[in-house]
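Residue-level structure breakdown
Residue strings, one per chain:
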Amino acid sequence: MKVQGYSLKVKKTRQKIRNFYTAAQGLPSDAITAAAFDGKGVLWVGTDKGLAKFDGKKFAKFDVKAGNGNISMLHVDKEGALYVGTENKLVKVKDSKIVSTTELEGNIIAGATDYNGIDWFITDRYLYTNYERGTLYPYHETETPDCKGLAAFNEDFVFAAGSFGLQIIHGKRPRWATLITQTSKIPTNELTAIAADTWNHVWIGTKNGALIFDGRNRWLTPDTVKALPRASVTTIAIGKNGAAYIGTEIGLYIIDGTKESFLGYNRWLPDFKVTAIAVSSDSDTLCIGTEKGLAIIEFKLMSLSEKAEYYQYTVEKYHNREGYTTNRQLTEKGNIESGAPQITDNDGLWTSCYVASQALRYGATKDKKALESARKGMRAMLKLMSITGIEGFTARAYRRPGEPGFGDGDKEWHLTEDEFGPLEWKGETSSDEMTGHFFGLSLYYDLCADEKEKKEIALALSNIMDHILSHEYTLCDVDGLPTTWAHWGPHELNNDEKWFWERGINSLELLAFLKIVYHMTGDEKYQKEYEKLIRTQNYALNCVQYKIFDAHTSHIDDNLGFLSMTSLLRYEQDPTIRQYFLMGFKHHWNDQRIERSPLWNIMYGALTGEHCDLENAVRSLEELPLDLIHHKVVNSVRPEIVWDSGQELFGGVRQLKEPLPYDEKPMNKYDNNPFLADRGDGLRAEDGTVFLLPYWYARYYGMIIEE
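On a plain count of helices and strands, the protein chain comes out with 14 helices and 42 strands. Principal axes of the C-alpha set define a box for the protein chain whose edges measure 100 × 50 × 45 Å. For the protein chain, the share of sequence-separated contacts (at least 6 apart) that also reach a separation of at least 24 residues comes to 57%. Looking at the protein chain as shown, the accessible area adds up to about 29,400 Å², and 48% of this sits on carbon and sulfur atoms. Computed over 81 positive and 98 negative side-chain charges, the separation of the two mean positions in the protein chain equals 5 Å.

Right, here's the structure in full:
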C-alpha cells in the first residue's frame, strides 16, 4: 500500500574530501608550523625543517636559503607575494622565486596586512611596517616578547596578542596600550592567537576558548555566544567567505553562518592539536597543519544522486564477496585498498538491505544495472537458504578454504560442498537474519522479479515460514535446538518474562513474515495464522508500543522494527489493524527522531504520509562522509558536548544526550549506537548501503526531488 506523502526539493551541497600528507609525501617534516595560499593559489607549507610547495599531488622542498630551516611564519600580502619567516630572516617569494631576503632584529613571529595594503611584521623585539617608507623599517619596540599573533586594521589599530594581555598600538606618536583583566573587560590575560576580519572585529584565542573584540570595549565570549568554542585555541584564520576557522588543542572548529562544525582527529585531522590553517581564496580548499602531518580538505559540490553514484561504485569495488555485501576488513589503517570484504554473522541481513536499495533504485529508475545488482544479491541470499540441508533453515554466512577462520573447529560452522568445492556455513541463525531476508526479498519480489524468480522466492520464504510454524515458532538448528534469538511464539512472548524486551518486536516480525508469504503464495493458511495471532494472542496489541524505552542503548531491535514495518504497512489493507501498527510506528519514530536517521525518518514518512523531519533526513544524507572508514574518532575531549546519564539504568556505556552530526560522530550502521562520542580503529570500512537504502527509498516514494 502506497500512501500520499510529501516531498522536498534539494540542491547540491559541499562534500568534504580529505587527504593526509607527511614527510612520506614530500614534506620536509611532519611538524607543521605554518601554511598559506599565495596570490596564484599555490599552497605553501612551513615545517620545523623547511618550506614546501604543493603541486596539487605532492610536496617538494623549497630552499629559502636562509635561517635554520624552522619556518616560524608564512604571510601573503595584497599583491599575492609570500613572506617566509625563519629566525630573523624575512624572505619574499613571488611566482615561486625568491625576490628578497631582509634581516630583522629578533626572531620573526607573525605578519599581517591592513585595509590599506600596508604590511606589518612582528619579532620578539620590534614591530616592522612599510607604512611610510615603502620598505620595511622598525615602527616600534615590541612589548610582548612572547607574542602569539598579529592583526591590523590600519596604522592606528595594530594588535598583538600574548600571555600578558592584548597590546594595541595607536596614536599620532604610536604607543602600545595594554588591555589586561585588571584594567579592562578583557576576560583573560593569557591570549594564544589572533586574527581580524575586514569590519574591525578582532577574533582572539585563549586557553578557555575564542573571543570576539570590537577593538574598543565590547567582548563576546563562549558564555554569551554559544557558537564560540570553549576549547584551548592555538590559531585562528578568517576566510574570504567570512567564515572563522578556529584551531584548538583538540581539533578545528568552523563557524560559517548558520553552520557550526568540528573537524577532529582522526577522521579529518592527523593529530589533535592544530598548528596552522590556510584557506584558499574561493574557500574550496582547507589546509590544516598538526604536529603529525597535514590535512588538505577539498570541498566539492555534489548532488545526492552524485553521492549515490559514488557509493554504488565503492560498494561494487570494495564490498562485494560472491554476491554478499558486507563491511570491508582492512589490513592497513585507513586504506580502503587493503583487506577484503568481511565475513560476518549478518551477511544475509546486510546483503538484503543492499538488495532492497537496488530494488527501490530499479523501481524508481528502471535502470538495468540496478536490476543486475539486485539480482546478484538476491541469488546470494537464496543460496544461504539452500546450503544448510535443512528445509527452511537459513545460514548466517559461509566461508571457503583460505578465508579467515575456515576449519577452526567452531561448533557453529558446518562443513558441506557446493559446485565450487568445500565450504563451511554458520548456523545459530537469528531473528535479524530472518527479518532481513523477508524485507529484502519482498521488495525484490514486488519491484524486480520475473515470474520464475517470484516462484523461487515464494517457495524459499514459505519454506522458512513452514519451518518456523512446525517448530513452535522458532528456528531449529542442526542440533535440533532452537537458535538463541529466533523465537516468535506466544508461549514465550506473552507468558515468559525472559522475553519481555522481544515481545513487541518479535510479534511485529512474525506478523510481517506471515503477511509477506501470504502476499506471495496466496495460501490462506498463512493469513489464518496471522489472524489467529492477532485475535487470540494479542499480537497486534503487542505492536501498539513495541518500542520499549531503553535510553537509546540498544539499536538492533530498532532496525528490525523499521524493516518489519515496511512489509506490514505495504501489505496490510485493513484500516482497523493498520491503526495498531501505526500507533506503534509513531511511538517508535518519536523515540528515535532525535537521531536524525535518514533511513528511519524516510521510512516513517513514506509508509505513513506524515511529516517525518524529512529536512533532517536529507541533512544526514548530505553530512554522511564520502569516506566510510571507521576511523578512530574522539569527541569526548570536546568541552561543549553534553553527556547523558539515562543509559546507566540499563548498564550502558557513557554516551551523549544527542548524537553529533554524521560527519563528526563515529561511523556506524543504523543498528549501532549513534550516541557514542568515541569509537573506531581505522580497520573497517562501512559499505555504501547506509546511504543507498534511505536515498533510493526516498526516491522510490517521491520524497526527494533534485534540482
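Taking strand neighbours across the sheet as the criterion, the four strands line up as E23-E24-E25-E26 in an open arrangement whose pairing is antiparallel. Sheet topology places strand E23 (233-238) and strand E26 (259-264) at the edges, where each strand pairs with a single neighbour. Taken over all neighbouring pairs, the strand axes of this sheet differ in orientation by 15° on average, direction set aside. Across six bridges, the pairing between strand E25 (residues 251-256) and E26 is antiparallel. If you follow Tyr253 over to E26, its bridge partner there is Phe262.

This model, assessed by the stated rule, comprises 37 salt bridges. Across the pair Glu424 and Arg399 runs a salt bridge whose closest N-O atoms are separated by 2.8 Å. Highlighted residues: Glu424 in strand E36 (residues 421-426) and Arg399 in strand E34 (residues 398-399), separated in sequence by 25 residues. Each member of the pair Glu424 and Arg399 is classed as buried. Across the pair Glu640 and Arg638 runs a salt bridge, and its minimum N-O distance is 2.8 Å. Its relative accessible area of 7% is what places Arg638 among the buried residues. Where salt bridges share partners, they join Glu322, Lys383, Arg400 and Asp418 into one cluster.

With that out of the way, let us pick up the nonpolar core. One finds Leu461 and Leu510 to be the most contacted residues of the largest nonpolar core, which totals 112 residues. For this core, the element with the most residues is helix H7 (residues 503-521), which contributes ten residues. Ignoring sequence-local partners within four residues, the contact set of Leu510 consists of Met465, Ile468, Tyr473, Trp488, Leu533 and Tyr539.

Another point: the side chain of Ser442. Following the sequence through the fold, Ser442 ends up in helix H4 (residues 431-447). Given the relative accessible area of 0%, Ser442 is considered buried. Setting aside chain neighbours within four positions, we find Ser442 in contact with His437, Ile516, Met520, Ser567, Arg570 and Tyr571.

Time to look at a negative patch on the surface. A surface patch of negative charge is lined by Asp523, Glu524, Glu531 and Asp574. Tracing the backbone through its elements, the reader meets Asp523 in the loop between H7 and helix H8 (524-537). The partly exposed category is assigned to Asp523, whose relative accessible area is 31%.

Turning our eyes to something else, we now look at helix H12 (residues 598-608). Among the eleven residues of H12, eleven are classified as buried, and the element is accordingly described as predominantly covered. Considered for burial, the residues of H12 that qualify are Pro598, Leu599, Trp600, Asn601, Ile602, Met603, Tyr604, Gly605, Ala606, Leu607 and Thr608. Taken together, the buried residues of H12 touch H4, helix H10 (556-571), helix H11 (575-592), helix H13 (614-623) and helix H14 (689-700). Phi for Gly609, located one or two positions after H12, is positive at around 80°.

Time to look at the packing of H10 against H12. Axis separation between H10 and H12 bottoms out at 10 Å; the angle between their running directions is 20°. With respect to H12, the axis of H10 lies roughly parallel. Crossing of H10 over H12 shows left-handed handedness. Facing Asp558, Asn559, Phe562, Leu563, Met565, Thr566, Leu569 and Arg570 of H10, the residues of H12 in contact are Leu599, Trp600, Met603 and Leu607. In terms of residue class, the contact of H10 with H12 is made up of eight nonpolar, two polar and two charged.

This part takes up the environment of Val642. By the element assignment, Val642 lies in the loop between strand E39 (633-634) and strand E40 (678-679). A relative accessible area of 52% means that Val642 is categorised as exposed. Between the C-alpha atoms of Val642 and His487, which are 155 residues apart in sequence, the distance is 38 Å. Val642 has contacts with Leu656 and Lys657, leaving out every residue within four places of it along the chain.

As a further point, take the packing of aromatic side chains. Under the defined criterion, the tally for this structure stands at 33 aromatic pairs. Consider the rings of Phe549 and Phe650, whose centres lie 6.1 Å apart with planes at 70°: the pair is edge-to-face. Of the two residues, Phe549 is situated in the loop between helix H9 (539-542) and H10 and Phe650 in the loop between E39 and E40; the sequence distance between them amounts to 101 residues. Exposure remark for Phe650: the relative accessible area of 30% places this residue in the partly exposed category. Taken together, a centroid distance of 5.5 Å and an interplanar angle of 20° make the contact between Phe691 and Tyr695 stacked. With Phe691 and Tyr695 both in helix H14 and four residues apart, this pair spans about one turn of that helix. One exposure class covers both Phe691 and Tyr695, and it is buried. One aromatic cluster is present, formed by Phe562, Phe585, Trp589, Trp600, Tyr604 and Tyr670 through successive ring pairs. Just above the ring of Tyr398 sits the side chain of Arg321; from NZ or CZ to the centre is 5.4 Å.

Strand order in this open sheet of four strands is E2-E29-E28-E27, and the pairing throughout is antiparallel. Every other strand in the sheet has two partners, leaving strand E2 (13-21) and strand E27 (274-279) as the edge strands with one partner each. Here the strands of the sheet are splayed against their neighbours by 20° on average, with no regard to which way each runs. In this structure, E27 lies alongside strand E28 (residues 285-290), joined through five bridges in antiparallel fashion. Its bridge partner being in E28, Ile277 is matched across the sheet by Ile288.

The next subject is the side chain of Thr86. Secondary-structure assignment places Thr86 in strand E8 (residues 82-86). According to the relative accessible area criterion, Thr86 is buried, its value standing at 0%. Of note is the side chain of Thr86, whose polar atom sits 3.0 Å from the backbone oxygen of Asn70. The contact partners of Thr86, leaving out residues within four places of it in the chain, are Val64, Ala66, Gly67, Asn68, Gly69, Asn70, Ile71 and Ser72.

Rules of the game
Residues numbered from 1 in each chain as written. Predicted model: local features only at pLDDT ≥ 70, side-chain atom pairs only at ≥ 80, totals over all residues. Heavy atoms only, no water. Helix = DSSP H or I, 4+ residues; strand = E, 2+ residues; numbered from the N terminus. Contact = heavy atoms within 4.5 Å. Areas by Shrake-Rupley, 256 points an atom, 1.4 Å probe, with all protein chains shown as cover. Lys, Arg positive; Asp, Glu negative; His and termini not counted. Charge placed at Lys NZ, Arg CZ, Asp CG, Glu CD. Pairing = 2+ DSSP bridges. Axes fitted to C-alpha atoms, helices over the stretch in contact; angles between N-to-C directions. Salt bridge = Lys/Arg side-chain N within 4 Å of Asp/Glu carboxyl O. Buried < 20%, exposed > 50% of the residue type's maximum accessible area, 1.4 Å probe, protein only. Core = buried A, V, L, I, M, F, W, Y, C linked by side-chain atoms within 4.5 Å. Patch = residues over 30% accessible without salt bridge, like charges linked within 9 Å, V, L, I, M, F, W, Y side chains within 5 Å. Parallel < 35°, antiparallel > 145°, perpendicular 65-115°, else oblique. Left-handed = near helix turned anticlockwise from the far one by under 90°. Nonpolar A, V, L, I, M, F, W, Y, C, P; charged D, E, K, R; others polar. Phe/Tyr/Trp six-rings, centres within 6.5 Å; stacked < 30°, edge-to-face > 60°. Lys NZ or Arg CZ within 6 Å of the ring centre and 35° of its normal. Polar contact = N/O pair within 3.5 Å; in protein donor to acceptor, adjacent residues only side chain to side chain.

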